[in-house]
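The chain contents come next:
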Amino acid sequence: MKQFFYALLFFFLWACGSADSSGEKAIVADLNFTLDTVKIDSKGEILFLNNELRSAVLDDKKRYLYNLNRQTISIEQIDLDKLVLASILPFEEEGPNGLGEYMLGIKLVEENRFLMSGYKKHALFNSSGKKLFSVGPSEIPAFVSNNEEGNVLYPERLPGTTSSYAGVYIAPGNREPEVLFWDIDKKTYRKVKSPILKKSMQYQTDFDDGTTSLFVGGGEYLKVINGKVLLGLFGSSDLSIKEPGEKDFGKKTFEDGWIPRDKETVFPEKINDRIMFQELLRESLAEISYNSPFWDESRQVYLRFSYELDYSQEPSPPPGQLLPNPSGAKVYLTVYDGNFNMLRESRVPVLDKAPAHHFAKDGKIWIFENIKDEMGFVRLSFDL
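The structure displayed is predicted, hence computed values, not measured ones.

A. Spotlight on the overall build of the chain. A tally of helices and strands in the chain yields 3 helices and 29 strands. In terms of overall size, the chain behaves like a compact globule, its C-alpha atoms giving a radius of gyration of 21 Å where 384 residues would be expected to give roughly 21 Å. Counting only C-alpha atoms, the chain reaches 55 × 50 × 45 Å along its principal axes. Put simply, of all contacts in the chain between residues at least 6 apart along the chain, 54% involve residues at least 24 apart. Summed over all atoms, the accessible surface of the chain reaches about 17,700 Å², with 48% contributed by carbon and sulfur. Taking the 46 positively charged and 56 negatively charged side chains of the chain as two groups, their mean positions are separated by 3 Å.

B. Geometry of unusual backbone geometry. One non-glycine residue, lysine 120, lies in the positive phi region at around 60 degrees. For lysine 120, the location among the structural elements is in the loop between β8 (113-118) and β9 (121-126). Among the residues examined, lysine 120 registers a relative accessible area of 33% and is labelled partly exposed. A positive phi angle is found at lysine 187, which is not glycine, with a value near 60 degrees. Position of lysine 187 among the secondary structure elements: in the loop between β13 (178-183) and β14 (188-192).

C. Layout of the side chain of asparagine 126. Among the structural elements, asparagine 126 can be located in strand β9. Asparagine 126 gets classed as buried once you look at its relative accessible area, which sits at 18%. A distance of 3.0 Å separates the side chain of asparagine 126 from the backbone nitrogen of serine 128, its partner in a polar contact. Contact partners of asparagine 126, with chain neighbours within four places excluded, come to Phe91, Asn112, Phe114 and Leu132.

D. View of the nonpolar core. Among the nonpolar cores identified, the biggest contains 32 residues, and Phe277, Leu303, Phe305, Leu333 and Ile365 are the most heavily contacted of them. Those elements that place two or more of their residues in this core are β16 (212-216), α3 (274-286), β24 (301-310), β25 (328-336), β28 (364-371) and β29 (374-382). With 5 residues, β24 is the largest single contributor of residues to this core. Setting aside residues no more than four positions away along its own chain, phenylalanine 277 makes contact with Thr205, Phe207, Leu214, Val216, Ile271 and Leu322.

E. Quick peek at the pattern of salt bridges. In this structure the tally under the stated criterion is 24 salt bridges. One salt bridge in this structure joins aspartate 81 and arginine 63, with 3.8 Å as the shortest N-O distance. Of this pair, aspartate 81 sits in the loop between β5 (74-79) and β6 (84-90) while arginine 63 sits in the loop between β3 (56-58) and β4 (64-69), and the two are 18 residues apart along the sequence. Residue aspartate 81 is classed as partly exposed on the basis of its relative accessible area, which comes to 46%. Classification of arginine 63 by relative accessible area gives partly exposed; the value is 27%. Between aspartate 81 and lysine 361 there is a salt bridge, with its nearest N and O atoms 2.7 Å apart. Taken together, the residues aspartate 81 in the loop between β5 and β6 and lysine 361 in strand β27 (residues 358-361) connect sequence positions 280 residues apart.

F. Region of the structure containing the side chain of serine 346. On the secondary structure map, serine 346 appears in strand β26 (residues 342-347). Residue classification places serine 346 among the buried residues on the basis of a relative accessible area of 0%. Polar contacts involving the side chain of serine 346 include one to the main-chain amide nitrogen of leucine 31, which spans 3.5 Å.

G. The arrangement of α3 in detail. The first and last C-alpha atoms of α3 sit 18 Å apart over 13 residues, in line with the 18 Å expected at 1.5 Å per residue. Along α3, the positions that sit buried rather than exposed are Phe277, Gln278, Leu280, Leu281, Ser284 and Leu285. Packed against the buried residues of α3 are β15 (205-208), β16, β21 (270-271) and β24. Residue aspartate 273 occupies the N-cap position of α3, its side-chain oxygen lying 3.2 Å from the main-chain nitrogen of isoleucine 275.

H. Looking closely at the packing of aromatic side chains. On inspection of all chains with the given rule, the structure shows 20 aromatic pairs. When the centroid spacing of 5.6 Å and the interplanar angle of 50 degrees are considered together, the rings of phenylalanine 33 and phenylalanine 382 count as tilted. In this pair, phenylalanine 33 sits in strand β2 (residues 33-39) while phenylalanine 382 sits in strand β29, placing the two residues 349 residues apart along the sequence. By relative accessible area, phenylalanine 382 is classed as buried at 4%. Through a chain of ring-to-ring contacts, the aromatic side chains of Phe254, Trp295, Tyr302, Tyr336 and Phe340 assemble into a single cluster. Its end group placed over the ring of phenylalanine 181, arginine 190 keeps NZ or CZ at 4.4 Å from the ring centre.

I. The environment of proline 315, seen in detail. Along the chain, proline 315 turns up in the loop between β24 and β25. Classification of proline 315 by relative accessible area gives exposed; the value is 67%. Sequence separation between proline 315 and proline 326 is 11 residues; the distance between their C-alpha atoms is 9.7 Å.

J. Structural view of the sheet that holds β28. Strands sit in the order β2-β29-β28-β27 across an open sheet of 4 strands; the sheet is antiparallel. At either margin of the open sheet sits one strand with a lone partner, and together these are β2 and β27. Within this sheet the neighbouring strands show an average axis-to-axis angle of 35 degrees, counted without direction. Pairing of β2 with β29, which is carried by 7 bridges, proceeds in the antiparallel orientation. The partner of leucine 35 across the bridge, within β29, is leucine 380.

Procedures and definitions
- Sequence order as written defines the numbering, with residues in each chain counted from 1.
- Given that the model is predicted, a residue must reach a pLDDT of at least 70 before its local features are reported, and side-chain atom pairs must reach 80 or more before they are shown or counted; all residues, however, enter totals for whole chains, interfaces and linings.
- Only hydrogens and water are removed before side-chain values are computed, so all heavy atoms of the structure are retained for them.
- By the criteria applied, helices consist of DSSP H or I runs no shorter than four residues and strands consist of E runs no shorter than two, each listed in order from the N terminus.
- Here the globule rule reads 2.2 Å times residues to the power 0.38, and the radius of gyration is calculated from C-alpha atoms.
- By definition in these notes, contact holds between two residues if any of their heavy atoms fall within 4.5 Å.
- Computed by Shrake-Rupley with a 1.4 Å probe, the accessible areas treat only the displayed protein chains as cover when residues are assessed.
- The charge count includes Lys and Arg as positive and Asp and Glu as negative, but it does not include His or the ends of the chains.
- Throughout, a charge is located at the NZ atom of Lys, the CZ atom of Arg, the CG atom of Asp or the CD atom of Glu.
- Between buried and exposed lies partly exposed: a residue is buried under 20% and exposed over 50% of the maximum accessible area for its type, with that area taken using a 1.4 Å probe on protein chains only.
- We define a polar contact as two N or O atoms separated by no more than 3.5 Å, with the added condition that, inside protein, one atom must be a possible hydrogen donor and the other a possible acceptor, whereas residues neighbouring each other in sequence contribute only through side-chain atom pairs.
- The term nonpolar core refers to a set of buried residues drawn from Ala, Val, Leu, Ile, Met, Phe, Trp, Tyr and Cys, joined through side-chain atoms within 4.5 Å.
- A pairing counts as a salt bridge when a side-chain nitrogen of Lys or Arg comes within 4 Å of a carboxyl oxygen of Asp or Glu.
- Given a helix with a known number of residues, its expected span is that number minus one, times 1.5 Å.
- Any pair of Phe, Tyr and Trp rings, taking the six-membered ring for Trp, is counted once the centres come within 6.5 Å. Such a pair is stacked with planes under 30 degrees apart, edge-to-face with planes over 60 apart, and tilted for the rest.
- Here, a charge over a ring means that NZ of Lys or CZ of Arg falls within 6 Å of the ring centre while also lying within 35 degrees of the ring normal.
- For two strands to be treated as a pair, DSSP must find at least two bridges joining them.
- Here the axes come from fitting lines to C-alpha atoms, over the contacting stretch only for helices, and the angles between their N-to-C directions go from 0 to 180 degrees.

Here you go:
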């Protein structure tokens, strides 16, 4: 029986493993790091950890983390100051307030309003589980009349607005993604091409060997961070940045530093040979991958993890997997000032796997850690 898989953000896959401190360049970190670990008191509830908090969001003050539980159709509110489950916000799966079509992504757009996203479905819900109204581009008459058939990946509401949204737009038959902007109140939309999104085409491929069918995407993302709209890829350090009040993006490239700036592996448009696909995928994942930047308000800097996975100790994949689990990873941290000028780059030797969901809080980087099926965080401390 033919198995079908769809993976837009393939750099998240297989990103776990044990330590491996070896390296050809024997690079010594120029920052000193220490770790401590905290665990969340779940109050006897079983928290949703299957997705490594990839659907979790923070409030503006970074006190509460909201984690979408796809099994119980609820949102778990975690008090990060007290390290305890604060409440569970119940939602409905079906009906007029049903969350069933909107469980791919979650964003907190106001203190008590969530932007929930699914395939071609985007809507605002309040914290009581009531659907307020749809906000996807399908609400724009011109979008519908022009037969736009694409999907927006995890859109963001633009800062300083109540009705304007943006996201990476993927259209069937078009390998080059675009940025889609739309305004629900004004009933307008526009699509914008980007050099970064065009670059993502070299990381895409359609694999089908008759047994397994898989689309590998370029790892595109659009995020609003500290009032800026950031557009990037997991295969490149390049960023497109839309400053507050500006209409267009400006491209930012980083030529300094010693960490590789881009992946070198280029995928053909289609692959039918399983061995070839496995070799290219493994080669690509062993090269540099860049997470999206995040804001550290205590230092007034942007931080960004990157990493290279190591497969040297696991020659064969487990049953049902295309690749073996990585045996470790080299993890790096880049520091930028408020204008995205690079300040520091450092190896992070105390981390030995690709960082899971993470954020800066109280002068530390919090990284999700599953601690015997309980929600925990490894907290990374360092001085600039």
